[in-house]
Amino acid sequence: KDSPIDKMKRILLLSYFDLPLHLKSCLSYLSVFPEDYLIDCRQLILLWVAEALIPGQNRETMEQLGRSYLNDLVNRSLVQPVKVGADGETVKTCRVHDVILEFIVSKAVEDNFVTIWNRNGFSDNYSSNKIRRLSIQEDISGQAEEMTKTIKNAAHIRSISIFGNNNSVLGKHASEFLSSQVLRVLNIRGGGVGEFYLGHVKRISQMKYCRLSGRTQELPEDIEKLQHLETLDISNTRIRKLPASIIQLQRLVRLRVERDVQLPDGIGNLRALEELSTIELGLQSVKFIQGLGDLINLKVLEIFWRTVTVVRDVEGHKKACISSLTKLFTRLRQLSVQGWPEATFPFMSICVGTPRPLQRLSLCNWNKS
């Protein structure tokens, strides 16, 4: 008597209950993403870690465990691989089939794992004092103020994920959104998001993962209060200068910025930093470039060098850069250098006979014309 859809849901229910507890949580987390969304697997694993869905204390081990969890979900056909790495095994991009996503969302909402805002407003389980994870998946033009009034007292929000072309109305209410002292994840994606200012970061000092998008133009001067922050991604914003206090973020592991962002001197103080991309060396001081060589844990580095009309002391920059990269080559796994031909040429000499840690090297010349 069951329809084909009902039969499919019964099969999915059996598959779901067959999952171990840790995989149920990781699968439920996929409900925060909109339908047909292409998910960056690397970022997904980082989100799992930040949300404490992966057991353990060692961050690197937890990320490796997260990769095995993802592979398990792929092998069970609950997640579809879209793009696979050059090794033919590592899934780089994935998605969730619409039918499976509908099932995941229904379970996640039922269990109060996530609260979703779409064109119809909040999901059925909504209660302002029970929100744990908030996912805004569609344009909320005209509804932002109403939603903000409803959730501004929700002190238990652990993560906020925002997708789509939400307008600047959202940015005006950033302080209300960021009122939870247990907030761990702020994940804003979508080119239409307006100005979103972090405000009083002392209230969100527990945050581990922060990704901003849209017309955001600055970070708070007291950003050093985010002492638990591990990932800061502002590569899709209008921020052009970072506050000097950012070098005090001792747990920062990944820093992703727009190419034309000016960074403060003292980058070498970020001893936990493993990924830095993409920085234009011509905008940085010689002291900053020299500090790159002190990043003892740096594994991924992407740089751009435009010597024309930007760098005054070209030889000084070249000397400092080659000196720092020579030190980094003993530990770098990925290096990407972009720029004019005369900018990338000096790096070719230090790439000859590269040591074993280096797994990926990209030298790309930009034509002046």
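You'll find the structure just up there.
Residues numbered from 1 in each chain as written. Predicted model: local features only at pLDDT ≥ 70, side-chain atom pairs only at ≥ 80, totals over all residues. Heavy atoms only, no water.

### Description of the sheet that holds strand β1 (residues 39–40)
Pairing within the open sheet is antiparallel, and its three strands lie in the order β1-β3-β2. The open sheet terminates on both sides in strands that have one partner only, identified here as β1 and β2 (80–84). Bridge count for β1 against strand β3 (residues 91–95) is two bridges, and the pairing is antiparallel. Bridge pairing in β3 places Ile39 opposite Cys94. (Pairing = 2+ DSSP bridges. Helix = DSSP H or I, 4+ residues; strand = E, 2+ residues; numbered from the N terminus.)

### Quick look at the packing of aromatic side chains
One pass over the full model with this rule turns up six aromatic pairs. Ring centres 5.7 Å apart and planes at 70 degrees place the aromatic pair Tyr16 and Phe17 in the edge-to-face group. Among the aromatic residues, those joined into a ring-pair cluster are Tyr29, Phe33, Tyr37 and Phe163. Arg133 extends its terminal NZ or CZ atom over the ring of Phe113, reaching a point 4.1 Å from the ring centre. (Phe/Tyr/Trp six-rings, centres within 6.5 Å; stacked < 30°, edge-to-face > 60°. Lys NZ or Arg CZ within 6 Å of the ring centre and 35° of its normal.)

### Overview of helix α4 (residues 59–75)
For α4, spanning 17 residues, the distance from its first C-alpha to its last is 24 Å, which sits close to the expected 24 Å at 1.5 Å a residue. Buried within α4 we find Arg59, Met62, Glu63, Gly66, Tyr69, Leu70, Leu73 and Val74. Viewed end-on, α4 has its buried residues packed into an arc of 140 degrees, placing them on one side of the element. Facing away from the buried surface of α4 by more than 90 degrees, the exposed residues are Gln64 and Asn75. On the buried face of α4, the contacting elements are α2 (21–29), α3 (41–50), β2 and β11 (254–257). For α4, the capping residue at the N-terminal end is Asn58, with a side-chain oxygen 3.1 Å from the backbone nitrogen of Glu60. Of the residues trailing α4, Ser77 is marked for its positive phi of about 65 degrees. (Expected span 1.5 Å × (residues − 1). Buried < 20%, exposed > 50% of the residue type's maximum accessible area, 1.4 Å probe, protein only. Arc of directions from axis to C-beta. Contact = heavy atoms within 4.5 Å. Polar contact = N/O pair within 3.5 Å; in protein donor to acceptor, adjacent residues only side chain to side chain.)

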